[in-house]
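Chain and residue survey
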Amino acid sequence: MSAFASLVEGLAEVLDPLFHTSATAAAIVLFTAFVRLLVHPLSRASARGQRARAALQPRVAELRKKHGKNPEKLQKAVLELHAAEKVSPLSGCLPSLFQLPAFFLLYHLFSASRIAGEPNALLAHKLFAAPLGGRWADALGDGGVLGAQGLVYLGLFGVVAVVATFNYRRTKSMMAASAGGALGTAGAAGAAGGGQGGQPQVPGLGALTTVMPLMSFFTLFTVAFVPLAAALYVVTSTTWSAVERAVLYRDMPGAVQSVNRVLPTGR
């Protein structure tokens, strides 16, 4: 961890002429951007996988109608379809998983009181008035919500709220469009095959469609309870993800509508 501390301190020294007392915070933002650039190929692969899975929805709907009464056979058939088309259901998790080591390094670096037997000088570095080793609870105890430190957290919470709202609307629109397409295909297949009113059974789809768009708001809890340095990493990475996914998924069903809701055209 001492090598990582030296890296952060080195970046802070380079950025000091521009950011002065917030140079270490700027170094964390720069480090986060570097990590995101490293995992960007995985994000692109994830987007390709998402498009491939969306293209398979009509065929999955046909399998659901064919094996709807046999869940085990349905699961096997869907997995075989994904394998035959070389589509991994887990590809979307890889970008997040590869970022975890960087997050935990920052978390431990700004939680440890000593590094290599020496006092951790990084804990005294600040983002404006808030120490990078502090937490929201510390800010509340030193001036309250509207104190100098509290205002830093309010700013971060504001950024997270905007990004989470954008992600919520985009994810909800995309999931609704994807589910609608799958249900429509399955319903048509069911009607043609004499199914029960053309209504397919999709276990758990309603709950998934409700819960998934809300996941971005849990970032608020992360920012509130981790050291400010780790919170800054989370906020930067979350913002990067929102922009990146808006670009990579711009041609997915529902993506354009979700962007238009957040950024009205003025018509």
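Quick caveat, the model's predicted, so the values are computed rather than measured. (Residues numbered from 1 in each chain as written. Predicted model: local features only at pLDDT ≥ 70, side-chain atom pairs only at ≥ 80, totals over all residues. Heavy atoms only, no water.)

This brings us to a nonpolar patch on the surface. On the surface, a cluster of nonpolar side chains totalling about 460 Å² of accessible area is made up of Leu-94, Leu-97, Phe-98, Leu-100 and Phe-104. Structurally, Leu-97 is set in helix α4 (residues 94–109). (Patch = residues over 30% accessible without salt bridge, like charges linked within 9 Å, V, L, I, M, F, W, Y side chains within 5 Å. Areas by Shrake-Rupley, 256 points an atom, 1.4 Å probe, with all protein chains shown as cover. Salt bridge = Lys/Arg side-chain N within 4 Å of Asp/Glu carboxyl O. Helix = DSSP H or I, 4+ residues; strand = E, 2+ residues; numbered from the N terminus.)

For the rest of this paragraph, the subject is helix α9 (residues 228–248). With 21 residues, α9 ought to run about 30 Å at 1.5 Å a step, and its terminal C-alpha atoms sit 30 Å apart, in line with that. When you tally the buried positions in α9, you get 15 out of 21 residues, the bulk of the element. (Expected span 1.5 Å × (residues − 1). Buried < 20%, exposed > 50% of the residue type's maximum accessible area, 1.4 Å probe, protein only.)

This part is about the side chain of Gln-99. Turning to its location among the elements, Gln-99 is positioned in helix α4. Take Gln-99: its relative accessible area is 8%, and that puts it in the buried class. From its side chain, Gln-99 meets the backbone oxygen of Pro-95 in a polar contact 3.3 Å long. Of the polar contacts made by the side chain of Gln-99, one reaches the side chain of Tyr-233; its length is 3.4 Å. Apart from residues no more than four positions distant in its own chain, Gln-99 is found in contact with Val-35, Arg-36, Val-39, Tyr-233 and Ser-237. (Polar contact = N/O pair within 3.5 Å; in protein donor to acceptor, adjacent residues only side chain to side chain. Contact = heavy atoms within 4.5 Å.)

Below, the discussion takes up the confidence of the model for the protein chain. Across the protein chain, the average pLDDT comes to 81, with 78% of residues at or above 70. The secondary-structure element of the protein chain with the lowest mean pLDDT is helix α10 (residues 255–262), recorded at 46, while strand β4 (residues 130–131) shows the highest, at 96. Note on residues 182–205: pLDDT is under 50 here. Beyond four places in sequence and across chains, it has 21 contacts. Scored below 50 in pLDDT, residues 256–267 makes 10 contacts in the model with residues more than four places away or belonging to other chains. (pLDDT = per-residue confidence, 0-100.)

Running from amino to carboxyl end, α4 crosses α9 at an angle of 150°, the nearest separation of the two axes being 8 Å. By the angle class used here, α4 and α9 are roughly antiparallel. Every pair of crossing elements has a handedness; the one defined by α4 and α9 is right-handed. Counting all contacts with α4, which are made through Gln-99, Ala-102, Phe-103, Leu-106 and Tyr-107, the residues of α9 involved are Ala-229, Ala-230, Tyr-233, Val-234 and Ser-237. (Axes fitted to C-alpha atoms, helices over the stretch in contact; angles between N-to-C directions. Parallel < 35°, antiparallel > 145°, perpendicular 65-115°, else oblique. Left-handed = near helix turned anticlockwise from the far one by under 90°.)

Attention now goes to the nonpolar core. Leu-109, Phe-110, Leu-132 and Val-223 are the most contacted members of the largest nonpolar core, which has 34 residues in total. If one sorts the elements of this core by residue count, α9 sits on top with 8 residues. Other than its neighbours up to four places away in sequence, Val-223 contacts Tyr-153, Leu-156, Phe-157, Val-160, Ala-231, Val-234 and Val-235. In this structure, Val-60, Leu-74, Ala-77 and Val-87 belong to the second largest nonpolar core, which totals 8 residues. (Core = buried A, V, L, I, M, F, W, Y, C linked by side-chain atoms within 4.5 Å.)

The interhelical angle for the contact between helix α2 (residues 23–66) and helix α3 (residues 71–84), taken along N-to-C directions, is 155°, at an axis separation of 10 Å. It follows from the interaxial angle that α2 and α3 lie roughly antiparallel. Considering how the two elements wind past one another, α2 and α3 form a crossing that is right-handed. Each of Leu-56, Arg-59, Val-60, Leu-63 and Arg-64 in α2 lies in contact with α3, whose residues at this interface are Leu-74, Ala-77, Val-78, Leu-81 and His-82. Tallied by class, residues from the contact of α2 with α3 come to 7 nonpolar, 1 polar and 2 charged. (Nonpolar A, V, L, I, M, F, W, Y, C, P; charged D, E, K, R; others polar.)

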